[in-house]
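Now for the letters of each chain:
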Amino acid sequence: MPITIEHTKENLCAAHIYAICASAGVLLGHAHVHDYGVDGSCNTVVHRGKRRVVSGFPLDFQAKSTVDWEINENHVVYDLESKTYNDIVSRSAAETTLMLVLLCLPKNSADWHSVTADFTTLRNCCFYHTFKGTPVDNEKSTKRVKIPIAQLLTPDSLIQLLEAEKSRREKQAA
């Protein structure tokens, strides 16, 4: 018996994130065994003396994958669960940033992944976004979000996000 479609989508999202982190040379860490609103974290590795160690400036993420998305006016439009939206906007400035990573899958599941002797294809891509705002009251509803299509999660954008997180945290400590 195969796994559920939802678990398949989650695994494909994880595969995208793994590939992006690997290409960026970024350490990918997972959240705890229990789900408390964070699916993982990304972190750079730095040299301290003769050792490579985790930098101490992680970037947390909540990963979602869906076929229920659209492009409208240069934005990915998606109905995010209110509880997830609230988890993201409820973080204080002193906390590690929590970003949404959204894998936008093709409608047809046969198009999600393909393998040949020459290449492996994962479709489509992940977008990232952090939200500022007020938590919504009804946690059983959804919150329509618009993510600029320029916020494509790539190895380069991930490195830039990690640098920005480090800079933000260092400014707070100064």
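Residues numbered from 1 in each chain as written. Predicted model: local features only at pLDDT ≥ 70, side-chain atom pairs only at ≥ 80, totals over all residues. Heavy atoms only, no water.

The linkage connecting R123 with the following residue, N124, adopts the cis geometry, with an omega of -10°. Structurally, N124 is set in the loop between strand 10 (120-122) and strand 11 (125-129). Its identity is not glycine, yet E73 carries a phi of approximately 50°, on the positive side. Structurally, E73 is set in the loop between strand 6 (69-72) and strand 7 (75-81). The backbone of N74 sits at a positive phi, close to 65°, despite the residue not being glycine. Within the fold, N74 resides in the loop between strand 6 and strand 7. (Helix = DSSP H or I, 4+ residues; strand = E, 2+ residues; numbered from the N terminus.)

Paired through their backbone hydrogen bonds, the strands of a sheet run either parallel or antiparallel. Read across the sheet, five strands follow the order 1-2-5-8-11 without closing on themselves; strand pairing throughout is mixed. With one partner strand each, in any of the chains shown, strand 1 (27-30) and strand 11 form the two edges of the open sheet. Taking each pair of neighbouring strands and ignoring which way they run, the sheet shows an average axis angle of 30°. In this sheet, strand 8 (residues 98-104) lies alongside strand 5 (residues 59-66) in parallel orientation, the contact comprising seven bridges. What sits directly across from F61, in strand 8, is M99. Here helix 1 (residues 5-24) sits on the sheet and contacts strand 1, strand 2 (40-43), strand 5, strand 8 and strand 11; the angle it forms with strand 5, its principal contact strand, is near 135°. In the packing of helix 2 (residues 82-89) onto the sheet, the strands contacted are strand 5 and strand 8, and the crossing angle to strand 8 comes to about 140°. (Pairing = 2+ DSSP bridges. Axes fitted to C-alpha atoms, helices over the stretch in contact; angles between N-to-C directions. Contact = heavy atoms within 4.5 Å.)

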